[in-house]
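Listed below, chain by chain, are the residues.
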Amino acid sequence: MSDRPNVLWIMADQLRFDYLSCYGHPHLHTPHIDALAARGVRFTNAYVQSPVCGPSRMSAYTGRYVRSHGSTWNGMPLRIGEPTLGDHLRDAGARAVLIGKTHMIADREGMAWLGIDPASEIGVRRSECGFEPFERDDGLHPDSARQKWSAYDDYLVSHGYDSANPWEDFANSGLDENAELMSAWLLKNSRLPANVPEEHSETAYMTNRAMDFMTDAARDGRPWLCHLSYIKPHWPYIVPAPYHAKYDESHIADPIRSAAERDTDHPLLRAYQSSRVSQSFSRDHVRTHVIPAYMGLIKQLDDNLGRLFAWMDAQGHSNNTIVVFCSDHGDYMGDHWLGDKDFYHDVAAKVPMIIADPRPAADSTRGLVSDALVEMIDVAPTAMAALGCPPKPHIIEGRDLTPILHGTNGFSRRYAISEHDYHWSEMARALNVPQEDAHTTMIFDGRWKYIRCEGFDPILFDLQTDPLELSDLGRSDTAEHADVRARMQAALLTWGLRHHTRITATPAVLAGQQTAATEGILIGFWDEAEFEAETGFPFTDLTPAGRP
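Keep in mind the model is a prediction, meaning the values are calculated, not measured. (Residues numbered from 1 in each chain as written. Predicted model: local features only at pLDDT ≥ 70, side-chain atom pairs only at ≥ 80, totals over all residues. Heavy atoms only, no water.)

1. What about unusual backbone geometry?
Okay, step 1: In this structure, Pro233 follows Lys232 across a cis peptide bond, with omega equal to 15 degrees.
Okay, step 2: By the element assignment, Pro233 lies in the loop between strand E7 (224–230) and helix H10 (259–262).
Okay, step 3: Phi is positive for Gln14, which is not a glycine, with a value near 70 degrees.
Okay, step 4: The topology assignment puts Gln14 in the loop between strand E1 (6–12) and helix H1 (31–38).
Okay, step 5: Assessed through its relative accessible area of 0%, Gln14 is described here as buried.
Okay, step 6: A positive phi angle, near 65 degrees, is found at Trp337, a position not held by glycine. (Helix = DSSP H or I, 4+ residues; strand = E, 2+ residues; numbered from the N terminus. Buried < 20%, exposed > 50% of the residue type's maximum accessible area, 1.4 Å probe, protein only.)

2. Some points on the packing of aromatic side chains
Okay, step 1: Using the criterion set out here, one finds 22 aromatic pairs in the structure.
Okay, step 2: On the basis of an interplanar angle of 85 degrees and a centroid distance of 6.4 Å, the ring pair of Phe17 and Tyr23 is categorised as edge-to-face. The same class applies to Phe17 and to Tyr23, which are both buried.
Okay, step 3: Consider the rings of Tyr19 and Tyr294, whose centres lie 5.2 Å apart with planes at 70 degrees: the pair is edge-to-face. Highlighted residues: Tyr19 in the loop between E1 and H1 and Tyr294 in helix H13 (residues 284–315), separated in sequence by 275 residues.
Okay, step 4: On the basis of relative accessibility, which here comes to 0%, the residue Tyr294 falls in the buried class. (Phe/Tyr/Trp six-rings, centres within 6.5 Å; stacked < 30°, edge-to-face > 60°.)

3. Concerning empty space enclosed by the protein
Okay, step 1: According to the stated counting rule, one finds 4 cavities of 30 Å³ or more in the structure shown.
Okay, step 2: Estimates place the volume of the largest cavity at around 70 Å³.
Okay, step 3: If you go around the largest cavity, you meet 13 residues; those closest to its centre are Ala171, Ser201, Glu202, Lys232 and Ile238.
Okay, step 4: By residue class, the composition of the lining of the largest cavity is 7 nonpolar, 4 polar and 2 charged. (1 Å grid on protein atoms, 1.4 Å probe; cavity = no way out; pocket = protein on both sides within 12 Å on 5 of 7 lines; lining within 4 Å. Points joined across faces, edges and corners; volume = space filled by probe spheres on them. Nonpolar A, V, L, I, M, F, W, Y, C, P; charged D, E, K, R; others polar.)

4. A few points about the layout of surface pockets
Okay, step 1: Of the volumes computed, that of the second largest pocket is approximately 430 Å³.
Okay, step 2: Considering the residues around the second largest pocket, the lining is formed by 27 residues, among which Phe17, Asp18, Ile256, Pro467 and Leu468 are closest to the centre.
Okay, step 3: Breaking the lining of the second largest pocket down by element, the ones donating at least two residues are strand E2 (41–47) and helix H14 (346–349).
Okay, step 4: Sort the elements by how many residues they give to the lining of the second largest pocket and E2 lands first, with 3 residues.
Okay, step 5: Its residues assigned to classes, the lining of the second largest pocket comprises 13 nonpolar, 6 polar and 8 charged.

In short, shape yes, function no, at least from these values alone.
Here is the structure:
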C-alpha cells in the first residue's frame, strides 16, 4: 500500500443498474461484482450526463457536462483543446491508459488548423480522449474489413478464426442448425452461441489485455489509471457457450410499463415509442428472445472480472488499486414501451457505480450502500485526488467522491443533470424538429425528475410515489406539481448560466485580474489621496520615478 494508489476504472457498455444481483436482480447472480461492492461503496443514485454512449463517455473523460464539452452525440468530435482526465493525470506524473472502448471521434479539422499531426504523440492523445491507447476496441460496425483501432481481429486470425471481418463473423455471429453463419445484428439470432469459444471472445480478450497492461506497468513503476472499457453487453446481443444457454424465459422480469404510458398524447414520448427499436422491443417475443442473451453477456462479464480480480490478488495489485465499476448508460429492453437507450427513465439514465478503495481510510465504509446523488463526472476528480492531481474547479464540474469513500463530510449535491441531442433520429424527423431544437435535459433532485423538452411540454416523475416512473405529471394541474415544475425549471436555468467555458481561469489568472490598480491601471480615482486610502500604498510607487 502506498499513499498514491493506482486506479482501475472498469466500464461496461449499456449495462442496466438493476441487472446485477447486488442491485436486486432475482435471477442474474454476479458474485464477483457483488464482492467488489462488499469491499467498497455501492451507489444507488448514480446518473450519467447523457443516456447515449458518446456524450456520456465524453463527460466521464472530461469531468464536464455535455453542454460544456460540446460533444452532444455519437460521431460528434470532442473539440481540440478540451482538457481530459488523461491530461490532468499526466501533469501529476501518472499514466492514463485505455483498454477497450471510448466512442471518441477526433477533431481532425481542429488538429489540422493547429498543425498537429494525428500520428504524433499529441495527436494520438487528442484522438483517444487523452488516454494512452494500450488497446482500443470500439467494435460495433460489421462492414469494416478490419478494425482500425484494435488488434482483436488479428488476434482472432492468429487463432484460426480467419475471414474478411473476424469481429463480425466470429465474435458477433452464430451458426444455426445447418452450420450457416447468422449475424447477431438480427435479433432473432441472439440465442445462438457466438461463433467463437469463450476464451477468445471480446470480453475475455480485453480482460487478458488488462493483465498484460498491469504486468507492463509494474515494470514501468509510474502510478496509473487504467480504463478497462468493455464493449459488452452492448448490442449485438450474442454470447459464447455456455453463457448463451444459462437463462431462458423463466428468468426474465416482467416489463416495467403501463397502458397509460402507451396511450400518452405527449408528442415526443409518442415519437420515441414509434421508433423502430422501440416498436421491436415492445413485442414480448423480442424481449423473451433477447434478454437471456443480454443476461448471459453480463454473467460472462462477471466471471471474467472474477478471473481478473483473482489474478490481481495473486500478483499483489489489489492492495494498491482503487477499483471503479460502472456503465455508460442502461438499456430499455421494452420497459416503458421503449428500446435501446436515449431517454431518462432510470433503466437508461441511472447506472451501477461501485468504488472499492483499499486504503485504510476507507475501512469504515466497506460494504456501504450510499443513496447520495452522484454523477458520472464525479469519477474524474475522484481519480485525480487519488493520484495526487490538485483540484481544478475552473475545468472539472464533477465532485470528488473521496469524502463518501472515507466516511467524512464534504460531499453534497442537490441535482443530477443529463442531456440528449436527438437531431439525428426518427423522432426529430417524425416531429419535424430542427437540429437546434432537438434537445432534452433532465434534472433530478432525488425525488422529482423533470425533463425539459424544447418545443413541447415538460415531463415530470415523482419517484417517491411512483418509483417505476409510470405516471407523467408534466401537465398535471395540481398546485404542488406546478410548483415543482417551476422550481426545477429555475434550477435548470441557474445551472445553465453557470460559468462553464472559463477553463483558462486558473487561480493565478483570477488573482492577476484583481490587481489592476497595483499594476498602474487606474480607473475612477479622483486624486492621490483617494487612491492611497483605497489601495493602502503611496501613489508615487506607480509613477515612473517611484518604480524599481
